[in-house]
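# Chain and residue survey
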Amino acid sequence: MTFGEKLQKLRARAGLSQDQLAELLDVSRQAVSKWERDEAMPEAEKIVRISRQFRVSTDDLLLEEREEPETARPPLGRSLSRWFRNHG
């Protein structure tokens, strides 16, 4: 998923219009529209503000391989117990 797709999804999930998000970030609606269409990228300071606004990490916003939050891993003890059970 691209940055623009993630931003659009986060904005919609929060119930914000492009105008409202633009106002929160002190940019134009056209800038938000270009970001969502992947025609431009916000500067670093805006990326940090976006991540704080939507309570996601900058990695979650910027890295394409991090589309969904990682699932919680079981504690190491349970993983080792399972390995020994399966491998004798």
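So, here is what we can say about the structure in this document. (Residues numbered from 1 in each chain as written. Predicted model: local features only at pLDDT ≥ 70, side-chain atom pairs only at ≥ 80, totals over all residues. Heavy atoms only, no water.)

### Observations regarding the pattern of salt bridges
Note the following rule: Put simply, a salt bridge is a Lys or Arg side-chain nitrogen that is within 4 Å of an Asp or Glu carboxyl oxygen. Helix and strand assignments come from DSSP, with helices taken as H or I runs of at least 4 residues and strands as E runs of at least 2, each series counted from the N terminus.
Across all of its chains, the model carries four salt bridges by this definition. In this structure, arginine 49 and glutamate 45 form a salt bridge, with 3.4 Å as the shortest nitrogen-oxygen distance. With arginine 49 and glutamate 45 both in helix H4 (residues 44-54) and four residues apart, the pair spans about one turn of that helix.

### A closer look at a nonpolar patch on the surface
Counted only if it meets this: Patch membership needs two things, relative accessible area over 30% and no salt bridge, and members are linked within 9 Å if like-charged or within 5 Å if nonpolar (Val, Leu, Ile, Met, Phe, Trp, Tyr). Calculation of accessible area relied on Shrake-Rupley with a 1.4 Å probe; when residues are assessed, cover is drawn exclusively from the protein chains displayed. Accessible area is worked out with a 1.4 Å probe on protein chains only. A residue is then buried under 20% of its type maximum, exposed over 50%, and partly exposed in between.
Together, Met41, Leu62 and Leu63 make up an exposed nonpolar region whose accessible area comes to about 250 Å². With respect to the secondary-structure elements, leucine 62 resides in helix H5 (residues 58-62). With a relative accessible area of 39%, leucine 62 lands in the partly exposed category.

### Observations regarding unusual backbone geometry
Residues other than glycine seldom take positive phi values, yet aspartate 38 does so here, at roughly 60 degrees. Within the secondary structure, aspartate 38 is located in the loop between helix H3 (29-36) and H4. Overall, the relative accessible area of 38% leaves aspartate 38 in the partly exposed class. Its identity as a non-glycine residue notwithstanding, arginine 55 has a phi of 55 degrees, on the positive side. Along the polypeptide, arginine 55 turns up in the loop between H4 and H5.

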